[in-house]
Protein chains: 2
Amino acid sequence: MSARVGRYVRMVATPGDGPALAEGLLKVAEGMRSAPGCELYIVNRTPDEEDAVWVTEVWADEASSDAALNQDLGEAGLGAILPLLAGPPEFIELAPVGGPGLA
Amino acid sequence: MSARVGRYVRMVATPGDGPALAEGLLKVAEGMRSAPGCELYIVNRTPDEEDAVWVTEVWADEASSDAALNQDLGEAGLGAILPLLAGPPEFIELAPVGGPGLA
């Protein structure tokens, strides 16, 4: 059995573009509903930072995560959000263990 | 309609106690299955920090989150993990917007 992989991805938009970044990432998230092995892809804003968006990802295994990351950027809708970013995304890599919300 | 609330909680165990902290938090997570409004309570280890554990929480609304936080510590099983912590937990507060994994 392969182990699940997850990550928190923090993206910061150029000033004032936090809402547009969240909208764009929601479209990416909708596309992930059909991605094999995608268990969670939740878009979050944060009350602490107006222009930051966090994405919570959980994948069934490393292979499904890699496949989604290597997907054509335009196909995933990520191309539309790149111009909104103030800098590169930051990642916290996770090894999900269990709990409510995991199948 | 009340808005969902979420958070990432980072806890760091005393050196070598990361696995025990994750085990204790998994027990807390199992108890959360019956907590009203608990949508996610996922325990994660991270390859980047041997003794850190992250918990991904999503609640149906502020009231259900508050009710769980105010639960008796012993009842939730949090009492057992407190002695393992090297310091106070850190929180990133979230406003979940949508995506796969949210009902």
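Preceding block: the structure.
Residue positions are given per chain, counted from 1 along the sequence in the order it is written. Chain A is the first chain written and ligand 1 is the first ligand written, with later ones labelled in order. In keeping with the model being predicted, local features are shown solely for residues with a pLDDT of at least 70 and side-chain atom pairs are shown and tallied solely at 80 or more, while totals for entire chains, interfaces and linings include all residues. Side-chain figures throughout are based on the complete set of non-hydrogen atoms in the structure, without hydrogens or water.

Section: the overall build of chain A
- On a plain count of helices and strands, chain A comes out with three helices and four strands.
- Note on conventions: DSSP H or I runs of at least 4 residues are helices, E runs of at least 2 residues are strands, and numbering of each starts at the N terminus. Taken from N to C terminus, the helices and strands of chain A fall in the order β-α-β-β-α-α-β.
- For this measure, only C-alpha atoms enter the radius of gyration; the expected value for a globule follows 2.2 Å times N^0.38, where N is the number of residues. Taken over the C-alpha trace, chain A has a radius of gyration of 14 Å; the compact-globule value for 103 residues is 13 Å, and the two agree within 12%.
- Its C-alpha atoms put chain A at 45 × 30 × 20 Å along the principal axes.
- The classification of residues rests on relative accessible area computed with a 1.4 Å probe and restricted to protein chains. Under 20% of the type maximum is buried, over 50% is exposed, and intermediate values are partly exposed. Expressed as a percentage of its 103 residues, the buried residues of chain A come to 46%.
- Partitioning the intrachain contacts of chain A with sequence separation of at least 6 by distance along the chain shows that 70% fall at a separation of at least 24.
- Summing over all exposed atoms, chain A offers an accessible surface of approximately 4900 Å²; the carbon and sulfur share of this is 57%.
- Averaging the coordinates of the 6 positive side-chain charges in chain A and doing the same for the 16 negative ones gives two points 4 Å apart. The contact criterion used throughout is that any non-hydrogen atoms of two residues lie within 4.5 Å. Method for areas: the Shrake-Rupley scheme with a 1.4 Å probe, in which residue coverage is limited to the protein chains shown. Two residue types count as positive, namely Lys and Arg, and two as negative, namely Asp and Glu; His and chain ends fall outside the count. All charge positions are set by atom: Lys at NZ, Arg at CZ, Asp at CG, Glu at CD.

Some remarks on the sheet that holds strand E2 (residues 38-46) of chain B
- A pair of strands is treated as paired once DSSP finds two or more bridges between them. Taking strand neighbours around the barrel as the criterion, the eight strands line up as E1(A)-E3(A)-E2(A)-E4(B)-E1(B)-E3(B)-E2(B)-E4(A) in a closed arrangement whose pairing is antiparallel. Recorded for the sheet is a direction-independent mean angle of 35° between the axes of neighbouring strands.
- For E2(B) and strand E3 (residues 49-59) of chain B, the ladder comprises eight bridges, and the chain directions are antiparallel. Bridge pairing in E3(B) places Thr46(B) opposite Glu49(B).
- On top of the sheet, helix H2 (residues 62-69) of chain A reaches strand E1 (5-12) and strand E3 (49-59) of chain A; it is set at about 30° to E1(A), its chief contact.
- The sheet contacts of helix H1 (residues 18-32) of chain B involve strand E4 (90-98) of chain A together with strand E1 (5-12), E2 and E3 of chain B, and relative to E2(B) the element is tilted by about 170°. Interaxial angles span 0 to 180 degrees and are taken between N-to-C directions of axes, which are lines fitted to C-alpha atoms, for helices over the stretch in contact.

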